[in-house]
Protein chains: 2
Amino acid sequence: MDCTIRSVSTLDWEQARQLVIDVVKELQRPSGVESLALEQAHGRVLAEDVHADRDYPALRRSLRDGFAVQARSLPGVLGVRGEVRAGEMQQSPLQEGEALEIMTGAPVPDEADAVVMVEHVTRIEGPHGTIQVKIDRAVKAGEWINERGSEAAQGSLLVAKGTRLDAGHISALAMVGKTSVPVHLQPRVAILATGDEIVSVAAEPAAHQIRNSNSFMLAALVSAVGGRPELLPVAPDTRDELRPGLQRGLTCDMLLVSGGVSAGRYDLVKPTLRELGTHFHFEKVRIQPGGPCAFGSRGSTPVFGLPGNPGSSYVTFQLFAQPALELLGGQSECLLPLLTARFAAPFKHRPGLTRFLPAKLSADGQHLTHILWQGSSDVPGLARANAFLVADDYRESWAIGDTIRVMRKL
Amino acid sequence: MDCTIRSVSTLDWEQARQLVIDVVKELQRPSGVESLALEQAHGRVLAEDVHADRDYPALRRSLRDGFAVQARSLPGVLGVRGEVRAGEMQQSPLQEGEALEIMTGAPVPDEADAVVMVEHVTRIEGPHGTIQVKIDRAVKAGEWINERGSEAAQGSLLVAKGTRLDAGHISALAMVGKTSVPVHLQPRVAILATGDEIVSVAAEPAAHQIRNSNSFMLAALVSAVGGRPELLPVAPDTRDELRPGLQRGLTCDMLLVSGGVSAGRYDLVKPTLRELGTHFHFEKVRIQPGGPCAFGSRGSTPVFGLPGNPGSSYVTFQLFAQPALELLGGQSECLLPLLTARFAAPFKHRPGLTRFLPAKLSADGQHLTHILWQGSSDVPGLARANAFLVADDYRESWAIGDTIRVMRKL
């Protein structure tokens, strides 16, 4: 990986994202591990492989309520030997001409090779008060039987280390008896908003000032990706006032700075970070909003300079800072699933840059409308959106019904 | 809404989901409110409308680093009067023939009606050591100016009550100075797994037994949707042993029961719930897995009987229990965005039922592969999936490249 060459040109967002992933993977930070009770582990990143403790299922189980039979006896009339329920022990082998009433999840007896659903069976009275079942259809061997080990063989990998645990993984861990789970520690992420115009949320801003919405927004994004946000005091646009905040931020596992990264004369974040030993891997991406996004590292600490307008910070966090944070948190794979929806209203943009613009998905996700947006400073517009549309750089217009990729809002 | 008629027929999943939404909306439970610090409010449901405390922006702001000008003077040469930065007060009105150097976010002076980006300007020396800028292009009035109130007028609605707060909403709340936020209390959701075959996660199951993976899975799902899970002890399949658990569960804001809702002889959950006063609104849905899913209510408490196989419980939770929980938690709108991806491998199913089957989305979300699955009891398969594909009931096969709707795993 030759960072030097790539850093001088302007990258498209996929290249920039891949560069973040490549660089952070090579930082090789030691990641601490803690043990959590299973009920606390949802959303955390598993720190060791988990294997099947036995075959799953552990014996042949019925997939339906019905009758265990020998397929070769059907169609025909079979004598009912009794019944077996889920939670009961496996019964002795089925004999020729016999059926065993069986409930979903119950063990299938040896010599039975199929289950006939109760809906396809007629109960009739047999000789001497016995019960028989009349089955008019042929069945295939194996039907409605869950073979031993068919879901997982003993010892096979169930959930790999580096997996962020969703409810399905939690189910698998419970299945194999994991009452406690080793997970990676959550990375501490410093958040430093910069800008002379920014006052605290509790303050009454003058007309030329704005409250610090970015720090809280970024803290929410960090939490959503499994990090522990640490909000630093807002830093004004001078090197002397920036330096202590940046220094403090660099002691965390990752540093997010918002603002001060454009080409303007008072954009001092990058020069000051350089003075502190940060090497930048890219300083510009061919997207809007968020074009001046910068990514660097100092030692093993990834550093992001996110453009200060909230729309830019939001988009560049999801595209670039999120995968870095996921990797720092021990996650092995970074997903950014951009599925597609259809425009419910016509949409145009100026080609040349890929744009991530606030949009509203319908409740069923099938239709998308772009939000009227004043640009990346427009927080009210951001709050009306539930997604970002991804307008490709090579295309100018979309008609109603045209498909478009969508980035779900974190 | 005539629940009686609809409950006797088998609903498709959209009808069933809508019925859940209609019924729960009419339960009109009193929902408590608590006040949280802004940094705690992410993911919670806002309990009051939040309006703009002033115009946004509060004055005309520059959207770029450049020069504030009068559009009618261009192209031409203008004298540079000085500069204004973000965080500085608005300067006196621009005079004819003047330009004011301006930074992104800084206040635009009166009488200026456009900003020219710094990239399109040549600095030249003027008479008597003054600085001038030469601008070779015409500009449109309004260019790169964010007009006062264009994002939001004072008093306009920014975030509506009933909104689950994402990072964009948090940004808007910070912008208007909300240091604390009224949010709805999180509903308490009782979780009761039933079945004679189920032993605790800490136990060593015999071959015919399985550990209780459902309670932990459902707890994770409940947490993900903003509820507070309360796990009840596993209940065996007898009315006497079911009743106390169900009674206790009915004292919560919502009750989830897994297992015991099929047509089998030992499926006693619904009869016992009926004895306790539960009215069922539907007892079957035309889907797989999860067809025997039942939805009822007792008083103002929604009750779900989820089929006990983990795949069935998972799917029916997302389709039916999730919207109920969202509404109980004060959320005003229930989203289920089923966006589309393309098959990376051919796929077939038996038409007649809509199937929600475990699938794997590629990292970029463009491609989908179905997971080889033994059926709804197959937890390892569920753990390999990161999504469910939605196989429509009227279609049999999909080729590589065909599109399909996708339900993201919670």
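Residues numbered from 1 in each chain as written. Chains lettered and ligands numbered in written order. Predicted model: local features only at pLDDT ≥ 70, side-chain atom pairs only at ≥ 80, totals over all residues. Heavy atoms only, no water.

### Comments concerning the overall build of chain A
Logical step 1: Helix and strand counts for chain A stand at 8 helices and 28 strands.
Logical step 2: For 410 residues, the compact-globule estimate of 2.2 N^0.38 gives 22 Å, and the C-alpha radius of gyration of chain A, at 30 Å, exceeds that figure by more than 25%.
Logical step 3: In chain A, which comprises 410 residues, the proportion classed as buried is 58%.
Logical step 4: Put simply, 70% of the contacts in chain A that link residues at least 6 apart link residues at least 24 apart.
Logical step 5: Counting every atom, chain A has about 15900 Å² of accessible surface; 49% of that belongs to carbon and sulfur.
Logical step 6: Computed over 42 positive and 46 negative side-chain charges, the separation of the two mean positions in chain A equals 6 Å. (Helix = DSSP H or I, 4+ residues; strand = E, 2+ residues; numbered from the N terminus. Rg over C-alpha atoms; globule rule 2.2 N^0.38 Å. Buried < 20%, exposed > 50% of the residue type's maximum accessible area, 1.4 Å probe, protein only. Contact = heavy atoms within 4.5 Å. Areas by Shrake-Rupley, 256 points an atom, 1.4 Å probe, with all protein chains shown as cover. Lys, Arg positive; Asp, Glu negative; His and termini not counted. Charge placed at Lys NZ, Arg CZ, Asp CG, Glu CD.)

### Notes on the confidence of the model for chain A
Residue and element names in this part refer to chain A.
Logical step 1: Mean pLDDT over chain A stands at 94; residues scoring 70 or higher make up 97%.
Logical step 2: Contacts for the low-pLDDT stretch residues 1–8, under 50 throughout, to residues beyond four places or in other chains number 15 contacts.
Logical step 3: At the level of chain-chain contacts, confidence expressed as ipTM amounts to 0.94, with global pTM at 0.94. (pLDDT = per-residue confidence, 0-100.)

### Focus: the interface of chain A and chain B
When the parts come together, some accessible area is lost, and that loss is often what is quoted as the size of the interface.
Logical step 1: Counting from both sides, the interface comprises 101 residues of chain A and, opposite them, 101 residues of chain B.
Logical step 2: Carbon and sulfur atoms supply 55% of the area buried between chain A and chain B, which totals about 7600 Å² over both sides.
Logical step 3: When the buried area of chain A at its contact with chain B is split by residue, E151, H208 and L339 of chain A rank highest and sum to 8% of it.
Logical step 4: Where chain A meets chain B, there are 6 salt bridges.
Logical step 5: Across the pair R211 of chain A and D53 of chain B runs a salt bridge whose closest N-O atoms are separated by 3.0 Å.
Logical step 6: Remark: the boundary between chain A and chain B carries 28 residue pairs in polar contact (both at pLDDT 80 or more).
Logical step 7: Of all the elements in the fold, those that place two or more residues in the side of chain A that touches chain B are β11 (157–159), α3 (167–175), β15 (210–211), α4 (213–224), α7 (310–328), β22 (339–343), α8 (379–384) and β28 (403–408) of chain A.
Logical step 8: Here the side of chain A that touches chain B takes 8 residues from α3 of chain A, the largest share from any one element.
Logical step 9: Class assignment of the residues belonging to the side of chain A that touches chain B gives a composition of 49 nonpolar, 24 polar and 28 charged. (Buried area = accessible area lost by both parts, 1.4 Å probe. Salt bridge = Lys/Arg side-chain N within 4 Å of Asp/Glu carboxyl O. Polar contact = N/O pair within 3.5 Å; in protein donor to acceptor, adjacent residues only side chain to side chain. Nonpolar A, V, L, I, M, F, W, Y, C, P; charged D, E, K, R; others polar.)

### Considerations on helix α2 (residues 13–27) of chain A
Logical step 1: A rise of 1.5 Å per residue sets the reference length of α2 of chain A, with its 15 residues, at 21 Å; its end C-alpha atoms lie 21 Å apart and thus fit the reference within 8%.
Logical step 2: The N-cap residue of α2 of chain A is D12 of chain A: its side-chain oxygen and the backbone nitrogen of E14 of chain A are 3.2 Å apart. (Expected span 1.5 Å × (residues − 1).)

### As for the relation of the copies chain A and chain B
Logical step 1: In screw terms, the move from chain A to chain B is a rotation of 180° and a rise of 0.0 Å along the axis, fitting with an RMSD of 0.0 Å. Taken together, these values place the two copies in the relation of a two-fold axis.
Logical step 2: A shared interface surface links the copies, since 100% of the contact residues of chain A are contact residues in chain B too. (Least-squares fit on C-alpha atoms with pLDDT ≥ 70 in both.)

### Considering the sheet that holds strand β16 (residues 228–231) of chain A
As a general point, the strands of a sheet are linked pairwise by backbone hydrogen bonds and lie either parallel or antiparallel.
All names here are of chain A.
Logical step 1: What the 6 strands build is an open sheet, ordered β16-β13-β17-β21-β20-β18; its pairing is mixed. The open sheet has two free edges, formed respectively by β16 and β18 (279–282), since each of these has just one partner strand. Recorded for the sheet is a direction-independent mean angle of 25° between the axes of neighbouring strands.
Logical step 2: In this sheet, strand β21 (residues 301–306) lies alongside strand β17 (residues 254–258) in parallel orientation, the contact comprising 4 bridges. (Pairing = 2+ DSSP bridges. Axes fitted to C-alpha atoms, helices over the stretch in contact; angles between N-to-C directions.)

### So, the pattern of salt bridges
All names here are of chain A.
Logical step 1: Enumeration over the complete set of coordinates arrives at 41 salt bridges over all chains.
Logical step 2: Between D136 and K134 there is a salt bridge; the shortest N-O distance is 3.1 Å.
Logical step 3: Relative accessible area serves as the criterion here: at 35%, K134 is assigned to the partly exposed category.
Logical step 4: Salt-bridge contacts for D392 lead to R405; the nearest nitrogen and oxygen are separated by 3.0 Å. Within this pair, whereas D392 is found in the loop between β26 (387–391) and β27 (397–398), its partner R405 is found in strand β28, the two being separated by 13 residues in sequence.

### What to know about unusual backbone geometry
Logical step 1: For the bond from L74 of chain A to P75 of chain A, the omega torsion is -5°, close enough to zero to count as cis.
Logical step 2: Among the secondary structure elements, P75 of chain A is positioned in the loop between β4 (66–69) and β5 (76–84).
Logical step 3: Its identity as a non-glycine residue notwithstanding, H128 of chain B has a phi of 55°, on the positive side.
Logical step 4: With respect to the helices and strands, H128 of chain B occurs in the loop between β8 (122–125) and β9 (131–135).
Logical step 5: Judged by relative accessible area, which is 82%, H128 of chain B ranks as exposed.

### Details of the packing of helix α4 (residues 213–224) of chain B against helix α7 (residues 310–328) of chain B
Residue and element names in this part refer to chain B.
Logical step 1: It is at 11 Å that the axes of α4 and α7 come closest, and there the two elements cross at 30°. Relative to α7, the element α4 is oriented roughly parallel. Of the two elements, α4 crosses α7, and the hand of that crossing is right-handed. Packed against α4, whose contacting residues are S213, N214, M217, L218, L221 and V222, the element α7 presents P310, S313, Y314, F317 and L325 at the interface. (Parallel < 35°, antiparallel > 145°, perpendicular 65-115°, else oblique. Left-handed = near helix turned anticlockwise from the far one by under 90°.)

### Details of the pairing of β21 of chain A
Residues and elements named next belong to chain A.
Logical step 1: When you tally the buried positions in β21, you get 6 out of 6 residues, the bulk of the element.
Logical step 2: What you see with β21 is no split at all: T301, V303 and G305 on one side and P302, F304 and L306 on the other are buried throughout.
Logical step 3: Here strand β20 (residues 294–298) pairs with β21 via 5 bridges, running antiparallel. Note that in β21 the partner of G296 across the bridge is V303.
Logical step 4: Remark: 2 residues form the turn of the hairpin made by β20 and β21, two consecutive strands paired antiparallel; G299 in that turn has positive phi of roughly 60°.

### What about the environment of S377 of chain A?
Logical step 1: Along the chain, S377 of chain A falls in the loop between β25 (367–370) and α8.
Logical step 2: For S377 of chain A, a relative accessible area of 6% translates into the label buried.
Logical step 3: As a C-alpha pair, S377 of chain A and S313 of chain A span 64 residues in sequence and 9.8 Å in three-dimensional space.
Logical step 4: When neighbours within four sequence positions are excluded, S377 of chain A is seen to be in contact with N309 and P310 of chain A together with R61, L63, N146 and E151 of chain B.
Logical step 5: A distance of 2.9 Å separates a polar atom in the side chain of S377 of chain A from a polar atom in the side chain of E151 of chain B.

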